[in-house]
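Architecture at a glance
Take a look at the letters that make up each chain.
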Amino acid sequence: MKMMITSRGDFVSPRFDLSSEVLVATYYDQQLMEEPRSLLLADVSAEILCDLALKENVAVVVCGGIEEEHYQFLTWKKIAVIDSVIGPHKDVLRLAMDNSLKPGTILPGVTSREVAS
Amino acid sequence: MKIASALQNVSVVGELLDGIPHGIAILGTDLCILRMNRFLEAMTGYITEEAKGVYGEFILRTNLGTKNQICAEVLKNGESVATDGNIINRRRKKIPVHFTLSRLHDGEGRPSGVLIVLEDSSVVKVEKMSHHEQTIRTEILGYSPQMERVFELMSVLARTDASVLITGETGTGKDLIAEALHKSSQRARQPFIKVNCGALPEALLESELFGHVKGAFTGAVTETVGMFRLAHKGTIFLTEIGDLSLPLQVKLLSVLDDQEFFPVGGSKKVKVDVRIIAATHRSLRDEVQQGRFREDLFYRLNVLNLHTPPLRERDGDIRLLLDHFLRQFSTKLGRDVTDFSPETIDVLTRYPYPGNVRELRNIAEYSANICQGKAVELKDLPLYLFREETSLVLPSAASIMSSATPRREEPGDVSVSVAAVSSTAGGWTEMEKKMILDALRQSGGNRSKAAGILGWGRTTLWRKLKKYKMV
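Residues numbered from 1 in each chain as written. Chains lettered and ligands numbered in written order. Predicted model: local features only at pLDDT ≥ 70, side-chain atom pairs only at ≥ 80, totals over all residues.

1. Observations concerning the interface of chain A and chain B
Interfaces are frequently sized by the accessible area removed from exposure as the parts join. Taken together, the 19 residues of chain A in the interface contact 20 residues of chain B. A breakdown of the residues in the side of chain A that touches chain B according to their chemical character gives nine nonpolar, five polar and five charged. (Contact = placed C-beta atoms within 7 Å. Nonpolar A, V, L, I, M, F, W, Y, C, P; charged D, E, K, R; others polar.)

2. Concerning the confidence of the model for chain B
Residue and element names in this part refer to chain B. Across chain B, the average pLDDT comes to 80, with 85% of residues at or above 70. Of all secondary-structure elements in chain B, the lowest mean pLDDT belongs to helix α19 (residues 417-423), at 36, while strand β11 (residues 275-280) reaches the highest, 92. Within the model, the stretch residues 132-136 combines pLDDT values under 50 with six contacts to residues more than four positions away or in other chains. Below a pLDDT of 50 lies the segment residues 390-425, which in the model reaches 40 contacts outside its immediate sequence neighbourhood of four places, other chains included. Our summary of model confidence lists the complex with pTM equal to 0.46 and ipTM equal to 0.91. (pLDDT = per-residue confidence, 0-100. Helix = DSSP H or I, 4+ residues; strand = E, 2+ residues; numbered from the N terminus.)

3. What to know about the nonpolar core
Core analysis: the largest hydrophobic core is formed by 63 residues, its most contacted members being V61 and V62 of chain A together with A25, L27, I33, V54 and V114 of chain B. Counting residues in each nonpolar core, the second largest holds 39 residues, with L165, C197, F210 and L252 of chain B among its members. (Core = buried A, V, L, I, M, F, W, Y, C linked by C-beta atoms within 7 Å. Buried ≥ 20, exposed ≤ 12 C-beta atoms within 10 Å, placed from the backbone.)

4. Some thoughts on the confidence of the model for chain A
Residues and elements named next belong to chain A. With 94% of its residues at a pLDDT of 70 or more, chain A has an overall mean of 90. Ranking the elements of chain A by mean pLDDT puts strand β4 (residues 31-32) last, at 90, and strand β6 (residues 60-62) first, at 96. In the model, residues 112-117 has pLDDT below 50 throughout and makes eight contacts with residues more than four positions away in sequence or in other chains.

5. Considering the sheet that holds strand β7 (residues 192-196) of chain B
Residue and element names in this part refer to chain B. Pairing within the open sheet is parallel, and its five strands lie in the order β7-β8-β11-β6-β12. On the outer flanks of this sheet lie β7 and β12 (304-308), each paired with one strand and no other. Ignoring which end each strand starts from, the neighbouring axes of this sheet average 20° apart. Relative to β11, strand β8 (residues 235-239) runs parallel, the two being bridged by five bridges. (Pairing = 2+ DSSP bridges. Axes fitted to C-alpha atoms, helices over the stretch in contact; angles between N-to-C directions.)

6. A closer look at unusual backbone geometry
All names here are of chain B. One non-glycine residue, R61, lies in the positive phi region at around 50°. Its 26 C-beta neighbours within 10 Å are what place R61 among the buried residues. In this model, Y353 sits at a positive phi of 50°, which is unusual for a non-glycine residue.

7. Focus on the sheet that holds strand β2 (residues 33-36) of chain B
Residues and elements named next belong to chain B. The strand order across the open sheet built from five strands is β2-β1-β5-β4-β3, with neighbouring strands paired in antiparallel fashion. Here the strands that pair on one side only, and so sit at the sheet edges, are β2 and β3 (81-88). Taking the axes of each pair of neighbouring strands and ignoring which way they run, one obtains an average angle of 30° across the sheet. When strand β1 (residues 23-27) meets strand β5 (residues 111-120), the two strands line up antiparallel, connected through five bridges. Along β5, the bridge assignment pairs I26 with L115. Of the strands in this sheet, β1, β3, β4 (94-105) and β5 are in contact with helix α5 (residues 69-77), which crosses β4 at around 25°.

As structure tokens, then:
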């Protein structure tokens, strides 16, 4: 199974449409098949990200805030979207692989100054 | 500890904040949320309890740059910032917002945090938009039921991104409508590129539309991007689309389907995101029947169709437009021409205006220039108006479109025979056939002589004879 997390630094990016970096992870039976790939995008756009999700053939997209039309597009394309997630992408990935990540989850680790640095 | 003390101060003004009808967030010096008022809770979908202590950017989800740079700068410099932007809330809604950020200080004057006021500007935007629609409407004059229908349809078409085909006689305002559609669409801030397909020969038009690479043909010393690439993310307006040659129609169709094309002489495909608005004074359906316009392109363009009514069918608009243009030109020329005499109005309202609003505007300009008094008299009107009144007979637009049912001529009616011929399906074909027959009759059946009479080569005549099945 493939998952795409929109990221910024070590965190899930606050907005889907403004993400310039994504993490693509392939996992099976709660185990990573390989080291997650980090992709840097030349342009920032929700449409590019939607295209990328389709091209990469991902089953799950984890992101922060996402507009309804992009959310509907992805779900229409049979991609599960877990949105409004706040937290470090490492923890988010672990939870998502465990199938315990829910939309709107706020994980610890987003309250420190490190976020801004 | 610091957060707790700051919160204590904040709780004093807590109720006050809830009373303010804008979203308000108070961030600590670490740029984490300390407090949000009720309005902001409703706006973002987060309540203060769950957002407290979380880095502000993750909760507000603004587009004000990455890593909350603006907040950090405000905190550092102490200079307030007001800017427009947007947020995406938990309900996945993008809300346009006017942000005001200012630094907070504690009792000793040390920076203690940042105050962010988020003013929902979606209401203001809607108001601006309706004002904008009104401005566009005032650019296109008309209060007749026919024009009301056009305006209604325009407001619907502006909201979509589909191709639009505007049809109507010459001078009915197709260009204005196309521009108004663009201005009130979501692409309004992007370019609006107008291309007259009838103005350039085929080879030039292809390069004009799709651009060419350096060395694509003799004289192509530099690369040209072409109108399609210039209109990227905006709207391209193809006027006189009926004059487009068949090979270019094929290329246009492929652009419409795939949104990509090869520039002339290029080997690299170019992708564009363009909305197409096309216009023509011809009946494209007839052109399709005549084999001069591709059926597939017609259906592709004709997703949404808007027909502009001819002026003679717009009840009451002639008087309105005459007054408007007369006022406009007399102000421009510094004249004191204010009105039309009753006889002049009688003539002008009965005139069929084959050139529609463009012609009416020219008549008003002529009158404003010529008239020496305050009111325009019959002598101040262009002479051709009186000549045509006696010689021409007016058909309605319906009869121009379908010449099958002859219309009874009414006294005082004036017709546009030239327009009727050009608009009637097969008008030129019939004319050409007649010319060939006449020439053959004159030459006694000798094709070489007939070709000479017509000014054609013998092979041209032969080709035409075959084309019209006259052999």
